There are 2 protein chains.
Amino acid sequence: MATLETTATVDIGYRSDGPGRLILDQIADKWSMTVLAFLDRPRRFNEILRHLEGVTHRVLTHTLRRLERSGLVARRVLTASPIRVEYSRTPLGESLREPFGHLYAWTVENLDDIRAHQLAYDERLRGQ
Amino acid sequence: MATLETTATVDIGYRSDGPGRLILDQIADKWSMTVLAFLDRPRRFNEILRHLEGVTHRVLTHTLRRLERSGLVARRVLTASPIRVEYSRTPLGESLREPFGHLYAWTVENLDDIRAHQLAYDERLRGQ
DNA sequence: CTGCATCCGAGCGGATACTG
DNA sequence: CAGTATCCGCTCGGATGCAG
């Protein structure tokens, strides 16, 4: 099973209702990957909340729930008063870093190229 | 430069307004990767339309526009009557297949695990 | 054959307030 | 401190009709 072979995989297997969707639906939302990246060690709810500029209480809750539901993040209640809750990456969440890292690296490498294309495209429109 | 090193990249660099967002915003929509996967050779608009079950006229147009804007897909008008338009992957679009392939492969490998977690989670809720 | 405009419903992210 | 509920606006995807 599967060390990569890859490139073919994309062409052969990809459907809008296949595995590709599952992972994209999971991580492509606004905050999931940011949260996952921050959980290099167990972190408490408010700790995460303060670190992520711009996220709200409610949205962070939902993001964590979804990550927990898929087994990428573990939730642990520390009985104390005031109550504390710790979130951490599971091994599964950990293992996602590598493949996502490839995508991230690709983007960094091609960032200028992409932006240039976008600018040129927008310029062409404006010109007409 | 830069064969991966990766894993660190995710943790260090990731912000909700960084490169990660750029690529996810580009490919995480419902059809982009499906289209890109299908363009193993130049294809005409209606050819793509017919191949992708469920996509509508308008949505395919927009998907292609966005891919074109970022330089992942090239658009070529064949002057004939009736008019024909061919879409094809650019080298940039081509190069995206490899990093995306890693993510795709990861999902396939962990699909059962993820689904199991989701089921268990949903079950736990139901039980209460 | 392609492309564009209009309309519409659904879902996500965000603001706010209240509870254990 | 952590979580839940309500409300709301915006964007995306989809349906349809018209035009080069």
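Attention here is on the structure that accompanies the text. (Residues numbered from 1 in each chain as written. Chains lettered and ligands numbered in written order. Predicted model: local features only at pLDDT ≥ 70, side-chain atom pairs only at ≥ 80, totals over all residues. Heavy atoms only, no water.)

## Description of the overall build of chain A
Piece 1. Looking only at helices and strands, chain A features six helices and three strands.
Piece 2. Secondary structure elements of chain A occur, N-terminal to C-terminal, as α-α-α-β-α-α-β-β-α.
Piece 3. The buried share among the 128 residues of chain A stands at 48%.
Piece 4. Counted over contacts in chain A with a minimum sequence separation of 6, partners at least 24 positions apart contribute 43%.
Piece 5. Total accessible area on chain A is roughly 7,000 Å²; 51% of this is exposed by carbon and sulfur atoms. (Helix = DSSP H or I, 4+ residues; strand = E, 2+ residues; numbered from the N terminus. Buried < 20%, exposed > 50% of the residue type's maximum accessible area, 1.4 Å probe, protein only. Contact = heavy atoms within 4.5 Å. Areas by Shrake-Rupley, 256 points an atom, 1.4 Å probe, with all protein chains shown as cover.)

## Section: the packing of helix α5 (residues 57–69) of chain A against helix α6 (residues 91–126) of chain B
Piece 1. For the pair α5 of chain A and α6 of chain B, the least separation of the axes is 8 Å and the interaxial angle reads 115°. Contacts between α5 of chain A and α6 of chain B pair Arg 65, Glu 68 and Arg 69 of chain A from the former with His 117, Gln 118, Tyr 121 and Asp 122 of chain B from the latter.
Piece 2. Considered class by class, the residues forming the contact of α5 of chain A with α6 of chain B number one nonpolar, two polar and four charged. (Axes fitted to C-alpha atoms, helices over the stretch in contact; angles between N-to-C directions. Nonpolar A, V, L, I, M, F, W, Y, C, P; charged D, E, K, R; others polar.)

## What about the relation of the copies chain B and chain A?
Piece 1. Overlaying chain B with chain A gives an RMSD of 0.1 Å, the required rotation being 180° about an axis along which the chain moves by 0.0 Å. The transformation just described matches what one would write down for a two-fold rotation axis. Rotation axis and chain B: the residue whose C-alpha lies nearest the axis is Ala 28 of chain B, separated from it by 3.0 Å.
Piece 2. A shared interface surface links the copies, since 98% of the contact residues of chain B are contact residues in chain A too. (Least-squares fit on C-alpha atoms with pLDDT ≥ 70 in both.)

## Description of the nonpolar core
Piece 1. Counting 62 residues, the largest nonpolar core has Leu 96 of chain A together with Leu 96 of chain B as its most contacted members.
Piece 2. If sequence neighbours within four positions are ignored, Leu 96 of chain A has contacts with Ile 23, Ile 27, Met 33, Leu 36 and Leu 72 of chain A together with Leu 103 and Trp 106 of chain B. (Core = buried A, V, L, I, M, F, W, Y, C linked by side-chain atoms within 4.5 Å.)

## Some points on the sheet that holds strand β3 (residues 84–89) of chain A
Residue and element names in this part refer to chain A.
Piece 1. One open sheet holds the three strands; their spatial order is β1-β3-β2, and the pairing between them is antiparallel. A strand with exactly one partner marks an edge of an open sheet, and here the two such strands are β1 (43–44) and β2 (73–78).
Piece 2. Bridge count between β2 and β3: six bridges; the pairing is antiparallel. Looking at β3, one finds that Val 77 is bridged to Val 85.
Piece 3. Along the sheet face, α5 touches β2 and β3 and points at about 115° away from the line of β2. (Pairing = 2+ DSSP bridges.)

## Topic: the protein's contact with DNA strand C
Piece 1. Neighbouring residues of DNA strand C: 19 residues in total, closest Lys 30 of chain A together with Arg 44, Asn 46, His 57 and Arg 75 of chain B.
Piece 2. What you see for DNA strand C is that sugar and phosphate hold 68% of its atoms within 4 Å of the protein.
Piece 3. Side-chain polar atom of Trp 31 of chain A to a phosphate oxygen of DNA strand C: 2.9 Å apart, as the coordinates give it.
Piece 4. Residue Ile 83 of chain B places a main-chain N or O atom 3.4 Å away from a sugar or linking oxygen belonging to DNA strand C.
Piece 5. Residue assignment for the surface near DNA strand C shows that the elements contributing at least two residues are α5 of chain A together with α4 (45–51), α5 (57–69) and β3 (84–89) of chain B.
Piece 6. Residue composition of the surface near DNA strand C, by class: eight nonpolar, three polar and eight charged. (Near = heavy atom within 4 Å. Polar contact = N/O pair within 3.5 Å; in protein donor to acceptor, adjacent residues only side chain to side chain.)

## Examining the interface of chain B and chain A
Piece 1. The interface of chain B with chain A comprises 59 residues on the first partner and 58 residues on the second.
Piece 2. The largest share of the area that chain B buries against chain A comes from Arg 69, Tyr 104 and Trp 106 of chain B, three residues that together contribute 13% of it.
Piece 3. Here chain B is connected to chain A by two salt bridges.
Piece 4. Arg 69 of chain B is the salt-bridge partner of Asp 122 of chain A, the closest N and O atoms lying 2.9 Å from each other.
Piece 5. Linking chain B to chain A there are 13 residue pairs in polar contact (both at pLDDT 80 or more).
Piece 6. At the level of elements, α1 (8–13), α2 (19–27), α3 (32–38), α5 and α6 of chain B are the ones that each hand at least two residues to the side of chain B that touches chain A.
Piece 7. Residue composition of the side of chain B that touches chain A, grouped by class: 27 nonpolar, 17 polar and 15 charged. (Buried area = accessible area lost by both parts, 1.4 Å probe. Salt bridge = Lys/Arg side-chain N within 4 Å of Asp/Glu carboxyl O.)

## A closer look at the sheet that holds strand β2 (residues 73–78) of chain B
In a beta sheet, neighbouring strands are held together by backbone hydrogen bonds and run either parallel or antiparallel to one another.
Residues and elements named next belong to chain B.
Piece 1. The antiparallel open sheet is built from three strands, whose spatial order is β1-β3-β2. Only two strands of the sheet have a single neighbouring strand rather than two, namely β1 (43–44) and β2.
Piece 2. Two strands pair when backbone bridges link them, and β1 and β3 are joined in this way by two bridges, in the antiparallel orientation. The residue of β3 that forms the bridge with Arg 44 is Glu 86.
Piece 3. Packed onto the sheet, α5 meets β2 and β3 and runs at close to 115° relative to β2.

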